[in-house]
Every structure is written in structure tokens, then in C-alpha cells.
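A look at the structure
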Amino acid sequence: MSKFKIKIATLLLLFGFSFGTLTDVTANLMPETTTTAQASSKVSKSQAKKIAEINKNLSKKQRSAKNWIAKRESGYNYSARNGRCYGRYQLLKSYLHGDYSPANQERVANNYVSGRYGTWTKAKRFWQSHHWY
């Protein structure tokens, strides 16, 4: 590659960064995948069974919205930390009352969303416009 082409490529790259026009190439190389609640992080069989019981009344659409939020809040990580927030759904630690188990996180998250938004799809819509829920 000639020096001229390298200079042009560098200028275009800098221009892209400075004006925010550079696209995320990883989005094209690695498409987003959907991960289920049980397969998304390592949980014991007993925890997985409790989680399935807790989420049994959620429709496919509600589960999808719940997983969408979990991906953005913690990357599906039940032990994610961010200040006073903890877990897969980044709940305030005080909401979990010292029980950080995956099953309790699922139960508390369902109760929180039910009380505040009514449904996970409404919580997702709120998240999309505010980047938190």
C-alpha cells in the first residue's frame, strides 16, 4: 500500500472517530444471539429448576424482553457489580436482602418489573428510551 493511501485511510479513520460516523464492525462480524435464562450463565441444577418455576408464567414475548434487559444490564451475569447494584438485572442490593442467588434475583426482578412497569415488554420499552429501567 502506498504512503498516500495510508495517509488517506488514516484521515478517514480520524474523521470518522471525531464525528461519530465510524460504525461498529464487530456488529457485522458477530451478530447478536439470544440466550435463554438457564443457559446464559452457570447455575446449579437446583437453581435452574427454581428459575424455571419462577418464570413459568412468563410468555415467550415477556421472556424475550427479560433476556434483552439482562443482556444490556449485565451481559447475563448473575454476579455483575456496579456500585449499589448487583446481578443479572442490576437490582439495588437492598432489594435482594442479602440473598444474591440467581433464583432470588429472578424473583425480585419479576416483582420489581411487575410493580413498576406491569410487564417486561413495557420495561424494555422504557429501557430503550432511557437506557435504564
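Here is a short report on the structure shown in this document. Being a predicted model, the structure only gives us computed values, none of them experimental. (Residues numbered from 1 in each chain as written. Predicted model: local features only at pLDDT ≥ 70, side-chain atom pairs only at ≥ 80, totals over all residues. Heavy atoms only, no water.)

**Remarks on the overall build of the protein**
Let me state the cut-off plainly: For the purposes of this entry, the term helix denotes a DSSP run of H or I that reaches at least four residues, the term strand denotes a run of E that reaches at least two, and both are numbered from the N terminus. The cut-offs for exposure are 20% and 50% of the maximum accessible area for each residue type, with area from a 1.4 Å probe on protein chains only; residues under the lower value are buried, those over the upper are exposed, and the others partly exposed. Here the accessible surface of atoms and residues is derived via Shrake-Rupley with a 1.4 Å probe, and residues count as covered only by protein chains that are part of the display.
Scanning the protein from N- to C-terminus turns up seven helices and three strands. Moving toward the C terminus, one meets the helices and strands of the protein in the order α-α-α-α-β-β-β-α-α-α. Here the protein, with 133 residues, has 35% of them falling under the buried criterion. With the model as given, the accessible surface of the protein reaches about 9,200 Å², and the carbon-plus-sulfur share is 58%.

**Things to note about the packing of aromatic side chains**
Our working definition: Side-chain rings of Phe, Tyr and Trp (the six-membered ring for Trp) are treated as a pair once their centres are within 6.5 Å; stacked means planes under 30 degrees apart, edge-to-face means over 60, and tilted covers the remaining angles. As a reminder, the over-ring test applies to NZ of lysine and CZ of arginine, requiring each to be within 6 Å of the ring centre and within 35 degrees of the ring normal.
For the coordinates displayed, the defined rule picks out nine aromatic pairs. Ring geometry for tyrosine 112 against tyrosine 117: centres 6.3 Å apart, planes inclined by 80°, an arrangement best described as edge-to-face. In this structure, tyrosine 112 and tyrosine 117 share a single accessibility class: buried. Aromatic pair tyrosine 117 and phenylalanine 126: ring centres 5.3 Å apart, planes at 45°, arrangement tilted. An aromatic cluster is built from Tyr89, Tyr95, Tyr112, Tyr117, Trp120, Phe126, Trp132 and Tyr133, whose rings are joined through pairwise contacts. In this structure, arginine 116 is placed above the aromatic ring of phenylalanine 126, and the distance from its NZ or CZ to the ring centre is 5.9 Å.

**Considering helix α3 (residues 45–55)**
Filter applied, for reference: As used here, the arc is the angular range of directions from the helix axis to the C-beta atoms.
Within α3, the full set of buried residues consists of Gln47, Ala48, Ile51 and Asn55. Looking straight down α3, one finds its buried side chains confined to an arc of 100°; they lie on one side. Residues of α3 that are exposed and angled more than 90 degrees away from the buried face: Lys45 and Lys49.

**Things to note about helix α7 (residues 120–130)**
What counts is decided by this rule: What makes two residues a contact is simply this: any of their non-hydrogen atoms within 4.5 Å.
Of the residues making up α7, those classed as buried are Trp120, Thr121, Ala123, Phe126 and Trp127. Elements in contact with the buried residues of α7: α4 (60–74) and α6 (102–116). Trailing α7 by a residue or two, histidine 131 shows a phi angle of about 65°, which is positive.

**Some thoughts on the pattern of salt bridges**
Convention followed: Salt bridge, as applied in this entry: a Lys or Arg side-chain nitrogen positioned within 4 Å of an Asp or Glu carboxyl oxygen.
Applying the stated criterion to the full structure yields three salt bridges. Among the ionic pairs, glutamate 53 bridges to lysine 56, the shortest N-O distance being 2.7 Å. Relative accessible area serves as the criterion here: at 47%, glutamate 53 is assigned to the partly exposed category. Each of Lys66, Arg88 and Glu106 takes part in one network of salt bridges that share partners.

**Topic: the nonpolar core**
Rules: Each nonpolar core is a collection of buried residues, namely Ala, Val, Leu, Ile, Met, Phe, Trp, Tyr and Cys, held together in the definition by side-chain atoms within 4.5 Å.
Counting residues in hydrophobic clusters, the biggest one holds 20 residues, and the most contacted among them are Tyr89, Leu91, Val113, Tyr117, Trp120 and Tyr133. Sequence-distant contacts of tyrosine 89, that is, excluding residues within four places in its chain, are made with Lys66, Ala70, Glu73, Gln105, Glu106, Ala109, Trp120 and Tyr133.

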